[in-house]
Amino acid sequence: MTSTVTSPARTIRIGSRKSQLALIQTYWVQEQLKKHFPDREFEVQTMSTHGDKILDVALSKIGDKGLFTKELELGMLRDEIDFAVHSLKDLPTRLPEGLVLGCVTERENPADALVMHQKHQDKQIETLPEGSIIGTSSLRRLAQLRYHFPHLSFKDVRGNLNTRLAKLDAGDYDALILAVAGLKRLDMSDRIHQILPPEISLHAVGQGALGIECREDDQEVLELLNAIAHPPTAQRCYAERSLLRELEGGCQVPIGVDTQLEGDTLTLTAIVASVDGQKLVKDTIQGDSSQAENLGIELAQKLKQQGAQEILDEILAQIERE
Ligand SMILES: NCc1[nH]cc(CCC(=O)O)c1CC(=O)O
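Let me sum up the structure you'll find in this document. Everything quoted here is computed from the prediction, not taken from an experiment. (Residues numbered from 1 in each chain as written. Predicted model: local features only at pLDDT ≥ 70, side-chain atom pairs only at ≥ 80, totals over all residues. Heavy atoms only, no water.)

**Comments concerning the environment of Glu246**
For Glu246, the location among the structural elements is in helix α9 (residues 231-248). Of the residues examined, Glu246 reaches a relative accessible area of 27% and is grouped as partly exposed. Separated by 58 residues in sequence, Glu246 and Lys304 place their C-alpha atoms 9.8 Å apart. In contact with Glu246, not counting residues within four places along its chain, are Ile297, Ala300, Gln301 and Lys304. (Helix = DSSP H or I, 4+ residues; strand = E, 2+ residues; numbered from the N terminus. Buried < 20%, exposed > 50% of the residue type's maximum accessible area, 1.4 Å probe, protein only. Contact = heavy atoms within 4.5 Å.)

**Description of the sheet that holds strand β3 (residues 83-87)**
Paired through their backbone hydrogen bonds, the strands of a sheet run either parallel or antiparallel. Read across the sheet, 5 strands follow the order β2-β1-β3-β10-β4 without closing on themselves; strand pairing throughout is mixed. The sheet is open, and its two edges are formed by β2 (42-46) and β4 (99-104), each paired on a single side. Ignoring strand direction, the axes of neighbouring strands in this sheet form an average angle of 30°. Strand direction decides the pairing type here: strand β1 (residues 12-16) and β2, joined by 5 bridges, are parallel. Note on β2: the bridge partner recorded for Arg13 is Glu43. Sheet strands in contact with helix α1 (residues 20-36) are β1, β2, β3 and β10 (210-215), and its direction is about 165° off that of β2. (Pairing = 2+ DSSP bridges. Axes fitted to C-alpha atoms, helices over the stretch in contact; angles between N-to-C directions.)

**Quick word on the packing of α9 against helix α10 (residues 292-321)**
Contact pair α9 / α10: the axes reach a minimum separation of 8 Å and the direction vectors enclose 35°. Relative to α10, α9 is oriented so that their crossing is right-handed. Two secondary-structure elements touch here, α9 through Gln235, Tyr238, Ala239, Ser242, Leu243, Arg245, Glu246 and Leu247 and α10 through Ala292, Glu293, Gly296, Ile297, Leu299, Ala300, Gln301, Leu303, Lys304 and Leu312. (Left-handed = near helix turned anticlockwise from the far one by under 90°.)

**Quick word on the site of the ligand**
With respect to spatial proximity, the complete set of residues near the ligand consists of Leu21, Ser87, Lys89, Asp90, Arg141, Leu178, Ala179, Gly182, Arg185, Gln207 and Gly208. Contact distances for the ligand include 3.1 Å between an oxygen atom and a side-chain N or O atom of Arg141. One of the backbone nitrogen or oxygen atoms of Gly208 is found 2.8 Å away from an oxygen atom of the ligand. When isolated, the ligand has an accessible area of 390 Å², and the protein chains bury 84% of it. Of all the secondary structure elements, the ones that give two or more residues to the shell around the ligand are β8 (175-179) and α7 (180-185). Tallied by class, the residues present in the shell around the ligand amount to 3 nonpolar, 4 polar and 4 charged. Two domains each donate at least three residues to the shell around the ligand, and these are domain 1 (1-106 + 208-229) and domain 2 (112-195). (Near = heavy atom within 4 Å. Polar contact = N/O pair within 3.5 Å; in protein donor to acceptor, adjacent residues only side chain to side chain. Areas by Shrake-Rupley, 256 points an atom, 1.4 Å probe, with all protein chains shown as cover. Nonpolar A, V, L, I, M, F, W, Y, C, P; charged D, E, K, R; others polar. Domains from an automatic or database assignment.)

**Points about the pattern of salt bridges**
By the definition in use, this model includes 19 salt bridges. In this structure, Asp90 engages Arg17 in a salt bridge whose closest nitrogen and oxygen atoms are separated by 3.8 Å. Here Arg17 lies in the loop between β1 and α1 and Asp90 lies in the loop between β3 and β4, a separation of 73 residues in the sequence. What makes Arg17 buried here is its relative accessible area of 15%. Between Lys279 and Glu314 there is a salt bridge, and its shortest N-O distance comes to 2.8 Å. (Salt bridge = Lys/Arg side-chain N within 4 Å of Asp/Glu carboxyl O.)

**Things to note about helix α4 (residues 70-77)**
What α4 keeps buried is the set Leu72, Glu73, Gly75 and Met76. Taken end-on, α4 shows its buried residues confined to a sector of 155°, consistent with a single buried face. The inward-facing, buried residues of α4 contact β1, β3, β4 and β10. Downstream of α4 by a residue or two, Asp79 has a phi angle that is positive, lying close to 60°. (Arc of directions from axis to C-beta.)

**So, the nonpolar core**
The nonpolar side chains of a soluble globular protein tend to be buried with one another. Judged by nonpolar contacts, the single largest core of 23 residues is most densely connected at Leu243, Leu247, Ile255, Leu268, Val272, Leu299 and Leu303. Every element with two or more residues in this core is listed here: α9, β11 (255-262), β12 (265-273), β13 (280-288) and α10. Of all the elements, α10 adds the most residues to this core, at 9 residues. (Core = buried A, V, L, I, M, F, W, Y, C linked by side-chain atoms within 4.5 Å.)

**Concerning α9**
With 18 residues, α9 should cover 26 Å at 1.5 Å per step; its first-to-last C-alpha distance of 25 Å lies within 8% of that length. Listing the buried residues of α9 in full gives Thr233, Ala234, Arg236, Cys237, Ala239, Glu240, Arg241, Ser242, Leu243, Leu244, Leu247 and Glu248. (Expected span 1.5 Å × (residues − 1).)

As structure tokens, then:
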């Protein structure tokens, strides 16, 4: 008699940053996979990333490309972990050779939120007094808010969410701008004072979605990830990421987006703004969602023709002078 020997299925090793938000997101992914594949083992391995270690430097000065992902990517290439869970907006648009965006999960509300100091509870961003200090470390938020509210002041803020909120409560800022998604996932929805509408702030590319990165040739992991993918979110995010890839040319630039998917029709709106809040170029494109990436590229080209190229060149020149 011949016996069939089946080797036990391998344990899937999930890589994560150590921050509270990263862990919540990673455990959520682990939970979803366990539900779909109750017979499989999924374990979490944490790593600190460069971006977690340098909390004293303004992100806009160093550029944030790959800052939160590099260590995890090395872990995958060295076969120490099988995939990594990222906030999609922290994942660079170009991935290292051998790695791919294996899946995009369903998006939380992608908007930005205003978190107000107690003393301004009766106000909105439109009614904050002149000189009020808004905490943000994002050039995108800074540029758009300066454009709409030139009477407000802006100050960099770093650290994890709890640190930032403590600085706000201590009176270092009148308000902070933070992602709705992060606050919700950390169970701090009660701190959301006002959700900024797209007319005031277009969100970051990929904001509110999780992106899972894995080895390109790992069919088994790709199949597992497929079970927790959310295709409508993915299509929106592919369009957003392709727009950003076409616009960025190697520097951190203030780009905001908004996408809507109705049936098969994808609508992508984007702005490119100058950091001083003086210039803002905005346009929209609509097409079939199967053409998501092409729509992103096309809109990027339209924006460049309308002045975005000058804004990008200026930012590059500025960075070279520093
Ligand atoms: N830039 C940091 C960052 N990366 C991901 C989130 C949470 C929101 C998300 O998942 O898009 C945040 C915080 C913020 O922007 O307020």
